[in-house]
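# Remarks on the overall topology
Each chain, letter by letter, is given below.
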Amino acid sequence: MRKNIFFITLIIVSIAAPLFISNNFILRFATDILIFAILASAWNIIGGFTGYASFGNVVFFGIGAYSTSVLMSVSGLGFVVSFLLSGILAAFFAFIIGLPVLRLKGHYFAIATLGVAEAVKALVQNLDITEGNSGIYLPPPDLSVDGIYNFFFYISLVVLILLLLTTRLILKKKLGYNMIAIREDEDSANSMGVNTTMIKSISFSLSGFFTGLAGSIYAYQQGFIKPEPVFNVLITIKMIVMAVFGGLGSLFGPLIGSITIEVISELLSSYFLMAHTLFLGIIIVLTILFAPKGLIDVYGNKRSGLSYFLNNIKEHKV
Amino acid sequence: MTNKMDNNKTLLRCSGLTKKFGGLTAVDNVSFELKKDEILGLIGPNGSGKTTLVNMISGNIKPTGGDIVFKGRQLRGLKPYRIGRLGIARTYQIVKPFPGMTVLENVAVGAMNGKSEKNRSVKDAFTAAEEIIEFTGLIKYKNYMADSLSIASRKRLEMAKVVAMDPDIIFFDEVMAGLNHNEIDKATEMIQKIREKGISILIIEHVMRAIRLISDRIFVLHHGSKISQGPPDDVLNDKKVISAYLGKRYKQLVK
Amino acid sequence: MTLQILINGILKGGLYGLMALGMSLIWGVMNIINIAHGAFIMIGSYVTFFLFNSFGIDPFLSLVFSVPVLFFLGFIVQKHIINMVIRAEIFITLILAFGIEIFINNTALLIFTADVRKVKVAYGASNFSFFGATIPYVRLIAFGFAILITIFLFILMSRTKLGRAIRATSQDLEGARLVGIKVSRIYAITFGIGTALAGAAGTLWAIIFPVTPTMGGGLTLKSFVVTIIGGLGTMLGPVIGGLTLGIIEAFGTNWFGTTFESLISFTILVIILIFMPKGILKSKKE
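What counts, and at which threshold
Residues numbered from 1 in each chain as written. Chains lettered and ligands numbered in written order. Predicted model: local features only at pLDDT ≥ 70, side-chain atom pairs only at ≥ 80, totals over all residues. Helix = DSSP H or I, 4+ residues; strand = E, 2+ residues; numbered from the N terminus. Rg over C-alpha atoms; globule rule 2.2 N^0.38 Å. Contact = placed C-beta atoms within 7 Å. Axes fitted to C-alpha atoms, helices over the stretch in contact; angles between N-to-C directions. Parallel < 35°, antiparallel > 145°, perpendicular 65-115°, else oblique. Left-handed = near helix turned anticlockwise from the far one by under 90°. Nonpolar A, V, L, I, M, F, W, Y, C, P; charged D, E, K, R; others polar. Pairing = 2+ DSSP bridges. Core = buried A, V, L, I, M, F, W, Y, C linked by C-beta atoms within 7 Å. Buried ≥ 20, exposed ≤ 12 C-beta atoms within 10 Å, placed from the backbone. pLDDT = per-residue confidence, 0-100. Expected span 1.5 Å × (residues − 1).

### A look at the overall build of chain A
What chain A contains, in helices and strands, is 15 helices and 2 strands. Rg of the C-alpha trace for chain A: 19 Å, near the compact-globule value of 20 Å for 318 residues, within the 12% margin. Along the first, second and third principal axes, the C-alpha set of chain A runs to 55 × 45 × 40 Å. Pairs at least 24 apart in sequence give 76% of the contacts found in chain A among residues at least 6 apart.

Here is the structure:
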């Protein structure tokens, strides 16, 4: 019930927001937050609910971005078709690569996904169709300046809401229970009749699908993309940190995490332009040290204040 | 009369099961049958290959040789989840509840999956899970997180999870280890009640008192080979068994 | 020509091996993948560059500085940061190390700027001929140092009391504690040794290749590849892994072009992880 209220409030506030915000800078900033919220929430499906911490989810973002770019500028397709195809291609790639990679566990899975992302980046840097390192241009949207800002805001919002609704639906179904069972104990789930390979692949593909859609939006918004920025491992790190910061394995945690972290980074970077990324490093370290279970846990925990944070450290140190 | 016929029907037949790890033979050419409604005890010293045998049947490890036939169907080479769906459930020696789920959710996952012809909806699975929790006496812990339970309750939860799968066969791997006398009696009672549901049971146990009481037959593994088989009293008095495994410890336990 | 490529591969591979040695030690003993490993290598490189540029200290001699500096740095980072989450889920330490890497890299960017630096020693260009292949002295000496340091670590781990304590801790944490080993201290020391090795690798790297504040990321990934190829738990693993990667890379880039270097190494990484996750030395199953 509380979740429903949260959902409805979120939708109303978001839809109404642009009507009151005439400042395009703020609208653009809100869009950035939404895109990161999509990335973090999509990561949450595989990393938070299924328990497979992927360190290569940026590969789906990059594939989404490049699919849209190639489909629009080389094949001359429209945005909507390219957008949907981008998500499907990213999901398909997740499924195929997931079959061997999801057999690995822990560190090995993390490194393998990181390796896949780096390998695909290196491939894109060397392919002719992606124009290698020189990058690729996309045709701009045929809209007024204000229209463009509104368009990207709303399309990101729609994708995020769809993602959260899908996740919520899954959690109430057998698929959701089986995903969590795998996270909690894969051997036991397997013996109980859970087709673990299939469930993991579906989960990874869903994560890939929405991440791919975000990549597609990003590419169209930027109008020009290159391999290094869209396959940057920092994007993976940011989505994980946002998901962890908000609360892993909770529906709205990643959204809360992305809003908080983006706002903090934005404030810091406006004061310390040079050291923007430096602060990201500090935020990551502090988040992990003091709230490894996320804001949702801080909020829901009986311990309060400093003792909560100190307890986290006591629990995890040697 | 038909009832008696059924009672002699073989559900699971393993023949010549062998597992080699490198140069070491963990299970050596073991054959046995599990009949319908039977409780079959499996005993043997530590490292005699009991768990390896169960792991092969449940698909967790691949046999080096031999056959596993369940209701006329070859199980060798199937993945664990396929075997689970065909109607064979197992517990793990080191209990594996889903720690971050409630007791009810743990059992519901068993009811949602398990034997495939059941194919329950989520709602039905929770209803079924509720009944099984009642049956196993865990009802007051229904909404507790699994990792907050005591050892005895955890073992019981492990039993509830597999019963929820509606299987034809359950392998219990040391579900009494670490329990006190009183808890062992309760577990013994529980296993008998599970058999009354029409589930056949293979039970690995070190607690001789319990296994002698509930098993219809017992077979003994030693260094991976079967050295004895038969009614509990015969097996436990078999000289080969006593010298190979039980020795003085047995006399203390049985008295 | 083939001999030249082979020699180039072996010489670079020795350095790769040294880089991965520290990562593999930390991973093996405390089950942490130190994503910041490359950042520590970078610091080692800058120590050498700074000493050479400001005081004219011979880069090989600067090993005497970079190794203790990096040991100290690693010791502190483990003791006061990483140790706080060492028992949390695996990916938590991974993310934390990423945070540390970002912090180190950006601090380096502020201090050293993004300019590419080079250690230009007088004897940098001298070389000799070996069956028609050209071998620069610096590369051979760097290779020699890499091998020497590896042997030194081997002796440290197998012959000393400290080495035995580290091995005991890695095999059985509770057991080590019972016999009176102070685990948190051993962890900090091990991490320090790991980063000290990174520092040594950084020094040798700076003698041969250009240095930038962002060079670390790529070297971390290379160290992964080497660690994975060689497998965990042996001193020989990183050496074998390093030489393998060095040789494959040398021939691969010769055939496909230098832009394919990272594609080749990451493809190897993924293939090895999928087909023989324990490394090529222990590839036989069970």
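Continuing now.
### Focus on the overall build of chain C
Scanning chain C from terminus to terminus reveals 11 helices and 2 strands. In sequence order, chain C lays out its α and β elements as α-α-α-α-β-β-α-α-α-α-α-α-α. Expected size for 286 residues packed as a compact globule is a radius of gyration near 19 Å; at 19 Å, chain C falls within 12% of this value. Principal-axis analysis of the C-alpha atoms gives chain C an extent of 60 × 50 × 35 Å. Pairs at least 24 residues apart make up 78% of the contacts formed inside chain C by residues separated by at least 6 positions.

### Topic: the packing of helix α13 (residues 276-290) of chain A against helix α4 (residues 90-112) of chain C
Closest axis-to-axis distance for the α13 of chain A/α4 of chain C pair is 8 Å, and the angle between their directions is 155°. Relative to α4 of chain C, the element α13 of chain A lies roughly antiparallel. Read as a crossing pair, α13 of chain A and α4 of chain C show a hand that is left-handed. Contact residues: α13 of chain A offers T277, L278, L280, G281, I282, I284, V285 and I288 of chain A, while α4 of chain C offers I92, I95, L96, F98, G99, I100, I102, F103, N106 and T107 of chain C. Partitioned by chemical class, the residues of the contact of α13 of chain A with α4 of chain C number 13 nonpolar, 5 polar and no charged.

### Notes on the interface of chain C and chain A
Between chain C and chain A, the residue contacts involve 39 residues of the former and 39 residues of the latter. At 14 residues, the largest contribution of residues to the side of chain C that touches chain A is made by α4 of chain C. In terms of residue class, the side of chain C that touches chain A is made up of 30 nonpolar, 8 polar and 1 charged.

### Description of the sheet that holds strand β1 (residues 10-21) of chain B
Residue and element names in this part refer to chain B. Here 4 strands make up an open sheet; going across it, the order is β2-β1-β4-β5 and the pairing antiparallel. Each of the sheet's edge strands pairs with one partner strand only, and the pair in question is β2 (24-35) and β5 (73-74). Across 5 bridges, β1 lies against strand β4 (residues 65-70) in antiparallel orientation. Pairing of T18 across the sheet is with G65, part of β4. The sheet strands contacting helix α2 (residues 50-57) are β1, β2 and β4, and the helix crosses β1 at an angle near 115°.

### Structural notes on the nonpolar core
Residues I38 of chain A together with I95 of chain C are the most contacted members of the largest nonpolar core, which totals 273 residues. Looking at this core, the element that brings in the most residues is helix α8 (residues 183-208) of chain C, giving 15 residues.

### Description of the environment of A291 of chain A
All names here are of chain A. Structurally, A291 is set in the loop between α13 and α14 (294-300). With 19 C-beta atoms packed within 10 Å, A291 lands in the partly exposed category. Along the backbone, A291 and K200 are 91 residues apart, and their C-alpha atoms lie at a distance of 27 Å. Not counting residues within four places of it along the chain, the set of residues in contact with A291 comprises F245, V298 and N312.

### A look at the confidence of the model for chain A
Mean pLDDT for chain A: 88, with 96% of residues reaching 70 or above. Ranking the helices and strands of chain A by mean pLDDT puts helix α9 (residues 196-222) of chain A first, with 97, and α14 of chain A last, with 72.

### Description of the sheet that holds strand β10 (residues 225-230) of chain B
Residues and elements named next belong to chain B. Spatially, β6-β7-β8-β3-β9-β10 is the arrangement adopted by the 6 strands of the open sheet, whose pairing is mixed. The open sheet is flanked by β6 (88-90) and β10, the only strands paired with a single partner. The average undirected angle you get between the axes of adjacent strands in this sheet is 20°.

### Some points on the environment of F36 of chain A
All names here are of chain A. Note on placement: F36 falls in helix α2 (residues 24-49). The buried category is assigned to F36, around which 24 C-beta atoms lie within 10 Å. Between the C-alpha atoms of F36 and S258, which are 222 residues apart in sequence, the distance is 6.1 Å. Contact partners of F36, with chain neighbours within four places excluded, come to K238, M239, M242, S258 and E262.

### Details of helix α6 (residues 145-171) of chain A
Under the 1.5 Å per step criterion, the end-to-end length of α6 of chain A is 40 Å for 27 residues, consistent within 8% with the ideal 39 Å. Three or more residues of α6 of chain A are buried, namely Y149, F152, F153, I155, S156, L157, V159, L160, L163, L164 and T167 of chain A.

### A closer look at unusual backbone geometry
With a phi angle near 55°, D166 of chain B is a residue other than glycine that sits in the positive phi range. Along the chain, D166 of chain B falls in the loop between α6 (151-163) and β7 (169-173). If you check the backbone angles, T113 of chain C has positive phi at about 60° while not being a glycine. With respect to the helices, strands and loops of the structure, T113 of chain C is situated in the loop between α4 and β1 (127-130). Residue classification places T113 of chain C among the exposed positions, given that 11 C-beta atoms sit within 10 Å.

### Examining the interface of chain B and chain A
Taken together, the 22 residues of chain B in the interface contact 17 residues of chain A. Going through the elements one at a time, α3 (80-86) and α4 (103-112) of chain B are the ones with two or more residues in the side of chain B that touches chain A. Sorting elements by how many residues they give to the side of chain B that touches chain A places α4 of chain B first, with 5 residues. A breakdown of the residues in the side of chain B that touches chain A according to their chemical character gives 11 nonpolar, 6 polar and 5 charged.

### Details of the confidence of the model for chain C
Of the residues in chain C, 98% have a pLDDT of 70 or more, and the chain-wide mean is 89. The ipTM value of the predicted complex is 0.88, and its pTM value is 0.90.

### Topic: the pairing of strand β3 (residues 39-43) of chain B
For a regular strand, the rule is simple: side chains alternate between the two faces of the sheet. Residues and elements named next belong to chain B. Of all 5 residues in β3, 5 are buried, a share of seventy percent or more. Side chains I39, G41 and I43 project from β3 onto one buried face, and the interleaved L40 and L42 project onto a second face that is buried too. Where β3 and strand β8 (residues 200-204) come together, 4 bridges link them in parallel fashion. Bridge pairing links G41 to I203 in β8. In this structure, β3 lies alongside strand β9 (residues 217-222), joined through 4 bridges in parallel fashion. Within β9, the residue paired with L40 across the bridge is R217.

### Concerning the environment of E33 of chain B
Its location among the elements puts E33 of chain B in strand β2. When neighbours within four sequence positions are excluded, E33 of chain B is seen to be in contact with T10, L12 and R13 of chain B.

### Some details on the pairing of β4 of chain B
All names here are of chain B. As paired strands, β4 and β5 are joined by 2 bridges and run antiparallel to one another. In the strand pairing of β5, F70 is matched with R73. Linkage of β4 to β5, two consecutive antiparallel strands, is achieved through a turn of 2 residues, within which K71 is found at a positive phi near 50°.

### Looking at the packing of helix α3 (residues 58-73) of chain A against helix α5 (residues 106-126) of chain A
Residue and element names in this part refer to chain A. At a closest axis distance of 8 Å, the pairing of α3 and α5 adopts a crossing angle of 25°. Taken together, the axes of α3 and α5 lie roughly parallel to each other. Facing V58, V59, G62 and Y66 of α3, the residues of α5 in contact are V116, A117, V120, K121 and V124. Here the contact of α3 with α5 is composed, by residue class, of 7 nonpolar, 1 polar and 1 charged.

### So, α13 of chain A
Compared with the 21 Å implied by 1.5 Å per residue over 15 residues, the 21 Å span of α13 of chain A between its first and last C-alpha is a close match. By the burial criterion, the buried members of α13 of chain A are L278, L280, G281, I283, I284, V285, T287, I288 and L289 of chain A.

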